[in-house]
Amino acid sequence: MIINQSPTIFVEKAEVIKQKEFKKKQYILTLKAPEASQTALPGEFAFIDCGEQVFLRRPLSYLRSNTKNKWVEFLYKIVGPGLEALSQLQPGDEVDLMGPIGNGFRCGKTHQIPVLIGGGVGIPPVLFLAEYLKDLNQGYSPVAFFGSEAPFPFSVIKSAMPINGIEDGASIIDMEEKNIPCRLASLSGLEGCHNSYVTDLADQWIKTLDQKDLSKIAIYACGPEPMLRSTAKLARSYGISCQISLEEFMACATGGCAGCAVKVSLPEGKIMQRVCVDGPVFDAQMIYPDD
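So, here's what we can say about the structure. In this text, all values refer to a predicted model and were calculated from it rather than measured experimentally.

**Topic: the sheet that holds strand S16 (residues 281-283)**
Taken in spatial order, the six strands line up as S11-S8-S7-S12-S13-S16 in an open sheet, and their pairing is mixed. One side of each edge strand has no neighbouring strand; the edge strands of this open sheet are strand S11 (182-185) and S16. When strand polarity is set aside, the average angle formed by the axes of neighbouring strands in this sheet is 20°. Summarising the sheet, strand S13 (residues 241-245) and S16 pair through three bridges and their orientation is antiparallel. Along S16, the bridge assignment pairs serine 245 with valine 281. The strands touched by helix H2 (residues 123-136) are strand S7 (113-119), strand S8 (143-147) and strand S12 (217-222); relative to S7, the strand with the most contacts, the crossing angle is about 155°. Of the strands in this sheet, S7, S8, S11 and S12 touch helix H4 (residues 198-206), which is tilted by about 155° from S8.

**Let's talk about the pattern of salt bridges**
In total, this model carries nine salt bridges according to the counting rule given. The closest approach of N and O atoms between aspartate 135 and lysine 178, which form a salt bridge, is 3.0 Å. Placement of aspartate 135 in helix H2 and of lysine 178 in the loop between helix H3 (173-177) and S11 is noted, with a sequence separation of 43 residues between them. One connected set of salt bridges, linked through shared partners, spans Arg64, Glu73, Glu131 and Asp174.

**Some remarks on the environment of alanine 235**
Looking at where alanine 235 falls in the secondary structure, it is placed in helix H6 (residues 225-238). For the pair formed by alanine 235 and serine 159, sequence separation is 76 residues and the distance between their alpha carbons is 26 Å. The contacts of alanine 235, once residues within four sequence positions are left out, are Ile219, Ile240 and Cys242.

**Examining the sheet that holds strand S6 (residues 94-101)**
Taken in spatial order, the six strands close into a barrel running S1-S2-S5-S4-S3-S6, and their pairing is antiparallel. Neighbouring strand axes in the sheet, compared pairwise and without regard to direction, differ in orientation by 45° on average. Pairing geometry for strand S1 (residues 10-22) and strand S2 (residues 26-32), over seven bridges, is antiparallel. Residue pairing for S2: lysine 20 is matched across the bridge by isoleucine 28. Across the face of the sheet, H2 comes into contact with strand S4 (58-66) and strand S5 (71-77) while running at roughly 20° to S4.

**Side note on the packing of aromatic side chains**
In this structure the tally under the stated criterion is five aromatic pairs. Relative to tyrosine 76, the ring of tyrosine 27 has its centre 5.5 Å away and its plane inclined at 10°; by these criteria the two rings are stacked. You can see tyrosine 27 sitting in strand S2 and its partner tyrosine 76 sitting in strand S5, a full 49 residues away along the chain. Considered together, tyrosine 27 and tyrosine 76 belong to a single accessibility category, that of buried residues. Taking 6.1 Å as the distance between ring centres and 40° as the angle between the ring planes, the aromatic pair formed by phenylalanine 145 and tryptophan 205 counts as tilted. Here tryptophan 205 lies in helix H4 and phenylalanine 145 lies in strand S8, a separation of 60 residues in the sequence. Assigned by exposure class, phenylalanine 145 and tryptophan 205 land together as buried.

**Description of the nonpolar core**
Counting residues in each nonpolar core, the largest one holds 43 residues, and the members touching the most others are Ile117, Phe145, Trp205, Ile217, Ile219 and Ile244. When near neighbours in sequence (up to four residues on either side) are disregarded, isoleucine 117 contacts Val126, Phe145, Val198, Ala202, Ile219, Tyr220, Ala221, Cys222, Met227, Thr231 and Leu234. Val126, Ala144, Ile180 and Tyr220 belong to the second largest nonpolar core, which has 30 residues in total.

**Overview of the side chain of glutamine 26**
Assignment of secondary structure puts glutamine 26 in strand S2. A polar side-chain atom of glutamine 26 sits 2.8 Å from the main-chain carbonyl oxygen of proline 151. Residues in contact with glutamine 26, not counting those within four places in the same chain, are Lys20, Glu21, Tyr76, Lys77, Ala150, Pro151 and Pro153.

Definitions and cut-offs
- Residues numbered from 1 in each chain as written.
- Predicted model: local features only at pLDDT ≥ 70, side-chain atom pairs only at ≥ 80, totals over all residues.
- Heavy atoms only, no water.
- Pairing = 2+ DSSP bridges.
- Helix = DSSP H or I, 4+ residues; strand = E, 2+ residues; numbered from the N terminus.
- Axes fitted to C-alpha atoms, helices over the stretch in contact; angles between N-to-C directions.
- Contact = heavy atoms within 4.5 Å.
- Salt bridge = Lys/Arg side-chain N within 4 Å of Asp/Glu carboxyl O.
- Phe/Tyr/Trp six-rings, centres within 6.5 Å; stacked < 30°, edge-to-face > 60°.
- Buried < 20%, exposed > 50% of the residue type's maximum accessible area, 1.4 Å probe, protein only.
- Core = buried A, V, L, I, M, F, W, Y, C linked by side-chain atoms within 4.5 Å.
- Polar contact = N/O pair within 3.5 Å; in protein donor to acceptor, adjacent residues only side chain to side chain.

Below, the structure is given as structure tokens:
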């Protein structure tokens, strides 16, 4: 089972190894982070200092973590001055990094078919989870569905792996190389992508499964709010366990300011919880109980 929270939050100077720009102001940032790289888990995030001219840090979900070579990776899209400043960093520059923070995805032995649904810059934590589970070599068989209206910031190729109920289409090369079935969705006419919402694409496959396979499924998702709401509804329609990772603006990322609080539904009633320390991963029905 994955431990869903790293034991220690580190603050360290992380050196920029690489910064790669993609279309529509998307970037993948690779940092040398000897401390955080050893414990970062899927669904956790880092709080990154964007420079002296930017007052608040920015929370970014881990895209990958490499314990051997001691680096971590983030995908982000420029929205506002903070991430604009982050995009100016060059190899050799240093950035102040705090992390890993938060409660990540929880994966047990009973759900051996993890279904990963990611949208836009919400792809990182679920892509990280897909690769992490595959590398565990403990019998997990993840299936991934990613959606984007901007060109995907990854190498995209035609998939050689069939998925029941879905026509052939494009996949991310990282998924192909790890033998993880994957399909891409977009309403922007991106080559090789299915012209649908990513949740509809996942539904096409899920409806082909028998009850035995359905009992092995759990959904893990991150993306824009309408996509998460649709994912929760999809999971509820099949009686499937579902965890979602939320994205919120944060001032401190340590729970002190409660600026990232969201309403959650518990058996005893509705309360407010903080995305930074109580999340960012929540049970979907806690966030969207009535949809």
